[in-house]
Amino acid sequence: MIAIITGDIINSENHPSSEWIGMLKNYFNQFGDSPMNWEIYRGDEFQLKVTEKNALFTAIRIKSMLKTIKGLDVRMGIGIGLETYIGTGVTESNGPAYQRSGRNFETLKESKVNLSIATGEAKNDRTLNLMLRLALDFMDDWSVVSAEIVTLVLDNPHSSQKEVAQMLGIKQSAVSQRLKRARLDLVLEVLAYYKELITTE
C-alpha cells in the first residue's frame, strides 16, 4: 500500500515560481528522485509518492511550508491503495492509489476544500474528511508566523519549546503563544488518530 498526493499551488499566478519551487523540490527530494517519486508539472501542479503512514503528515507539512510565503496555499487530494503499474515516472504509474488521489483532487475545487483523503474505506474516509474539514477551518487561516512555527515543530518533533525559541531567536513565551494560535495541539491529535487508524487496518 502506498499513498499518492496530487496537488496544486493556490495563488501561484501572483508569485514567481522562484519564490516557492526551490523549497518544494528540496522537500520532495527527501522521498526519492524525480520523476519516479515526485514530479512538478503544468507550472504549479505536483504529484508525490509517499508511504501510507506518512501521507497526512506530509500533506500538512507541505501546507505549512507553502503558507510561510504570504498569500500562498495548496490544494491536495491524497489517495491510498495499491500501485499496480510503475511507469517511467510517478505521473505515468497507475493503481488504486493514483486513481483515488486523482479523483479526490478533482472534487476539491468544486467542494471548496483544500485537503481531502480517499482510503477506499468509506467509513474511514467520512471520519477523516470531517476531521480535516474542521481542522482546515484554522489551517487555511494560518499566518506566515503560524506556518513557520508549525513547519519547524513538525521538522523537530523532539525539540522543547525552549529549543524552538532559540532556533527562532524569540522568547519561550512567544513560542507558546504562536503554537496556541496555530492550534498545533489539534493538528497533532488528528495526525495521531490517522496513524492509529492506518496501523490497525
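In this report, the structure presented in the accompanying data block is examined. Because the structure is predicted, anything quoted here is derived from the model rather than measured.

**Some points on the overall build of the protein chain**
Alright, step 1. Tallying secondary structure elements over the protein chain gives eight helices and five strands in all.
Alright, step 2. Listed N to C, the secondary structure of the protein chain is β-α-β-β-α-β-α-β-α-α-α-α-α in terms of helices and strands.
Alright, step 3. Oriented by its inertia axes, the alpha-carbon framework of the protein chain measures out at about 50 × 40 × 30 Å.
Alright, step 4. In the protein chain, buried positions account for 48% of the 201 residues.
Alright, step 5. In the protein chain, once contacts between residues fewer than 6 apart in sequence are set aside, the share between residues at least 24 apart is 67%.
Alright, step 6. When the accessible surface of the protein chain is split by element, carbon and sulfur atoms take 49% of a total near 10400 Å².
Alright, step 7. Taken together, the 23 basic and 25 acidic charged side chains of the protein chain have centroids lying 6 Å from each other.

**Re the pattern of salt bridges**
Oppositely charged side chains can pair when the atoms bearing their charge come close.
Alright, step 1. One pass over the structure, following the stated rule, counts seven salt bridges.
Alright, step 2. Its salt-bridge partner being Lys 49, residue Glu 83 comes within 3.0 Å of it at the nearest N-O pair. Taken together, the positions of Glu 83 in the loop between strand S4 (73-81) and helix H3 (96-111) and Lys 49 in strand S3 (residues 45-51) put the pair 34 residues apart, joining distant regions of the chain.
Alright, step 3. Linked by salt bridges that have partners in common, Lys 63, Lys 67, Asp 73 and Asp 140 make up one network.

**As for the packing of aromatic side chains**
Alright, step 1. Taken as a whole, this structure holds three aromatic pairs when the rule is applied.
Alright, step 2. When the ring of Tyr 27 is compared with that of Phe 31, the centres are 5.4 Å apart and the planes differ by 80°; the resulting orientation is edge-to-face.
Alright, step 3. The partly exposed category is assigned to Phe 31, whose relative accessible area is 24%.
Alright, step 4. Each residue in the set Phe 28, Trp 38 and Phe 46 is aromatic and connected to the rest through ring pairs, giving one cluster.
Alright, step 5. The ring of Tyr 27 carries the charged tip of Arg 61 above its face, separated from the ring centre by 4.4 Å.

**Describing the sheet that holds S3**
Alright, step 1. With mixed pairing, five strands are arranged side by side in an open sheet as S2-S3-S1-S4-S5. If you trace the sheet from one side to the other, it starts and ends with strand S2 (38-41) and strand S5 (115-118), each paired once. Here the strands of the sheet are splayed against their neighbours by 15° on average, with no regard to which way each runs.
Alright, step 2. Pairing of S2 with S3 involves four bridges; the strand directions are antiparallel. Bridge pairing links Glu 39 to Gln 47 in S3.
Alright, step 3. Lying over the sheet, helix H1 (residues 21-28) contacts strand S1 (2-10), S2 and S3, oriented at roughly 160° with respect to S2.

**So, helix H5 (residues 144-155)**
Note: α-helices contain 3.6 residues per turn, so residues at a spacing of three or four share the same orientation.
Alright, step 1. Relative to the 16 Å expected for 12 residues at 1.5 Å per residue, H5 spans 17 Å between its end C-alpha atoms, a close match to the ideal helical length.
Alright, step 2. Within the span of H5, buried status applies to Ser 146, Ala 147, Ile 149, Val 150, Thr 151, Leu 152, Val 153 and Leu 154.

**A closer look at the packing of helix H4 (residues 122-139) against helix H8 (residues 184-199)**
Alright, step 1. For the pair H4 and H8, the least separation of the axes is 11 Å and the interaxial angle reads 165°. By the angle between their axes, H4 is roughly antiparallel relative to H8. Crossing hand, H4 versus H8: left-handed. Residues Asn 124, Thr 127, Leu 128, Met 131, Leu 132, Phe 138 and Met 139 of H4 lie in contact with H8, whose contacting residues are Leu 186, Val 187, Val 190, Tyr 193, Tyr 194 and Leu 197.
Alright, step 2. Taken together, the residues of the contact of H4 with H8 break down into 11 nonpolar, two polar and no charged.

**Side note on H4**
Alright, step 1. A rise of 1.5 Å per residue sets the reference length of H4, with its 18 residues, at 26 Å; its end C-alpha atoms lie 24 Å apart and thus fit the reference within 8%.
Alright, step 2. Where H4 is concerned, the buried positions are Asn 124, Asp 125, Leu 128, Asn 129, Leu 132, Ala 135, Leu 136, Phe 138 and Met 139. Angularly, the buried residues of H4 cover 160° about the axis, an arc narrow enough to put them on a single face. Opposite the packed face of H4, turned more than 90 degrees from it, sit the exposed residues Ala 122, Lys 123, Arg 126, Leu 134 and Asp 137.
Alright, step 3. The secondary structure elements touched by the buried residues of H4 are helix H2 (55-66), S5, helix H7 (172-182) and H8.

Quick notes on the rules
Residues numbered from 1 in each chain as written. Predicted model: local features only at pLDDT ≥ 70, side-chain atom pairs only at ≥ 80, totals over all residues. Heavy atoms only, no water. Helix = DSSP H or I, 4+ residues; strand = E, 2+ residues; numbered from the N terminus. Buried < 20%, exposed > 50% of the residue type's maximum accessible area, 1.4 Å probe, protein only. Contact = heavy atoms within 4.5 Å. Areas by Shrake-Rupley, 256 points an atom, 1.4 Å probe, with all protein chains shown as cover. Lys, Arg positive; Asp, Glu negative; His and termini not counted. Charge placed at Lys NZ, Arg CZ, Asp CG, Glu CD. Salt bridge = Lys/Arg side-chain N within 4 Å of Asp/Glu carboxyl O. Phe/Tyr/Trp six-rings, centres within 6.5 Å; stacked < 30°, edge-to-face > 60°. Lys NZ or Arg CZ within 6 Å of the ring centre and 35° of its normal. Pairing = 2+ DSSP bridges. Axes fitted to C-alpha atoms, helices over the stretch in contact; angles between N-to-C directions. Expected span 1.5 Å × (residues − 1). Parallel < 35°, antiparallel > 145°, perpendicular 65-115°, else oblique. Left-handed = near helix turned anticlockwise from the far one by under 90°. Nonpolar A, V, L, I, M, F, W, Y, C, P; charged D, E, K, R; others polar. Arc of directions from axis to C-beta.

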